[in-house]
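So the chains spell out like this:
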Amino acid sequence: MAKKLTATELNKLKTSLNKKKNEYIKTNDGEEYEVAVSVEFRDSLIENVAMSYIGYLQELRETSKNDQLDNELIKGTLKLVPVLAFREFTNIPVPKKATLKEIIGLSELLADKGITEALLSKFPAGEYQKIVNKIKQAAKSAKATVGEIMLANALNQDGDDNGFQQSDGSNETTG
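Below or above, wherever it landed, is the structure these notes cover. Since the model is a prediction, treat every value here as computed from it, not as a measurement. (Residues numbered from 1 in each chain as written. Predicted model: local features only at pLDDT ≥ 70, side-chain atom pairs only at ≥ 80, totals over all residues. Heavy atoms only, no water.)

### Description of the layout of surface pockets
Point 1. What the second largest pocket holds in volume is close to 200 Å³.
Point 2. The wall of the second largest pocket is formed by 13 residues, among which Tyr 33, Ile 92, Pro 93, Leu 110 and Ile 115 lie closest to the centre.
Point 3. Of all the secondary-structure elements, those providing two or more residues to the lining of the second largest pocket are strand S2 (32–38) and helix H5 (100–112).
Point 4. In terms of residue class, the lining of the second largest pocket is made up of nine nonpolar, one polar and three charged. (1 Å grid on protein atoms, 1.4 Å probe; cavity = no way out; pocket = protein on both sides within 12 Å on 5 of 7 lines; lining within 4 Å. Points joined across faces, edges and corners; volume = space filled by probe spheres on them. Helix = DSSP H or I, 4+ residues; strand = E, 2+ residues; numbered from the N terminus. Nonpolar A, V, L, I, M, F, W, Y, C, P; charged D, E, K, R; others polar.)

Following this line, the structure appears as structure tokens:
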């Protein structure tokens with residue numbers, strides 16, 4: 001027989017989604033740290049990681065002058081995903097309002113100390129790949145949406161409020 005979705009049952013479901021397991025990781029220089037890691041990666045938090053990543057890329061694009069992106073910043077964005085994942089799925093204190101440069105700096109510190117690699121190995125099997133897949137999916141969606149907006153703007157540039165150009169019915173061509 002099926003259960004009823006009561007307030008108590010919803011609380012149980014929420015509690016089960018928020019379970020964490022203490023993992024022990026070592027840095028390159030032998031320091032050991034205890035980190036709480038989510039047992040299950042919730043879809044809503046995976047989406048948070050993807051949207052944060054896309055937001056940082058957009059920030060990078062907007063702050064660059066004439067599309068001349070700093071090579072170091074571009075290279076640094078590749079390291080963002082693990083740190084954004086750590087923010088959602090561990091107890092590592094990654095600030096929600098950190099700037100792009102701050103996040104990249106933190107990602108470099110964690111990578112240089114071997115923490116990124118050690119901690120990613122403690123993630124449940126397949127869960128990190130879900131994050132990567134979500135980012136790819138979000139990037140494709142964002143690209144398609146931007147393309148649609150650009151097309152709509154181009155169509156509407158010389159048209160009326162509905163995006164239609166005025167025509168007298170003749171099929172005039174200009175040379």
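Next comes the rest of the account.
### Section: the packing of aromatic side chains
Point 1. Scanning the entire structure with this criterion turns up four aromatic pairs.
Point 2. Between the aromatic rings of Phe 41 and Phe 123, the centroid separation amounts to 5.0 Å while the plane-to-plane angle is 80°, which identifies the pairing as edge-to-face. With a gap of 82 residues between them, Phe 41 in the loop between S2 and helix H2 (43–63) and Phe 123 in the loop between helix H6 (115–120) and helix H7 (127–156) connect regions that are remote in the sequence. The same class applies to Phe 41 as to Phe 123, namely buried.
Point 3. A ring pair is formed by Phe 86 and Phe 123, whose centres lie 5.9 Å apart and whose planes are at 85°; its orientation type is edge-to-face. (Phe/Tyr/Trp six-rings, centres within 6.5 Å; stacked < 30°, edge-to-face > 60°. Buried < 20%, exposed > 50% of the residue type's maximum accessible area, 1.4 Å probe, protein only.)

### Thoughts on the nonpolar core
Point 1. With 33 residues, the main nonpolar core has Leu 80, Phe 89, Leu 119 and Ile 131 as its most contacted residues.
Point 2. Of all elements in the fold, only S2, H2, helix H4 (80–89), H5, H6 and H7 reach the threshold of two or more residues within this core.
Point 3. Dropping the residues within four chain positions of it, Ile 131 is found in contact with Phe 41, Ile 46, Val 49, Val 81, Ala 85 and Phe 89. (Core = buried A, V, L, I, M, F, W, Y, C linked by side-chain atoms within 4.5 Å. Contact = heavy atoms within 4.5 Å.)

### Some words on the environment of Tyr 33
Point 1. Here Tyr 33 shows up in strand S2.
Point 2. Using a relative accessible area of 41% as the deciding quantity, one classes Tyr 33 as partly exposed.
Point 3. Between the alpha carbons of Tyr 33 and Ile 115 there is a distance of 9.3 Å; along the sequence they are 82 residues apart.
Point 4. Sequence-distant contacts of Tyr 33, defined by excluding residues within four places in its chain, comprise Glu 23, Tyr 24, Ile 25 and Thr 27.

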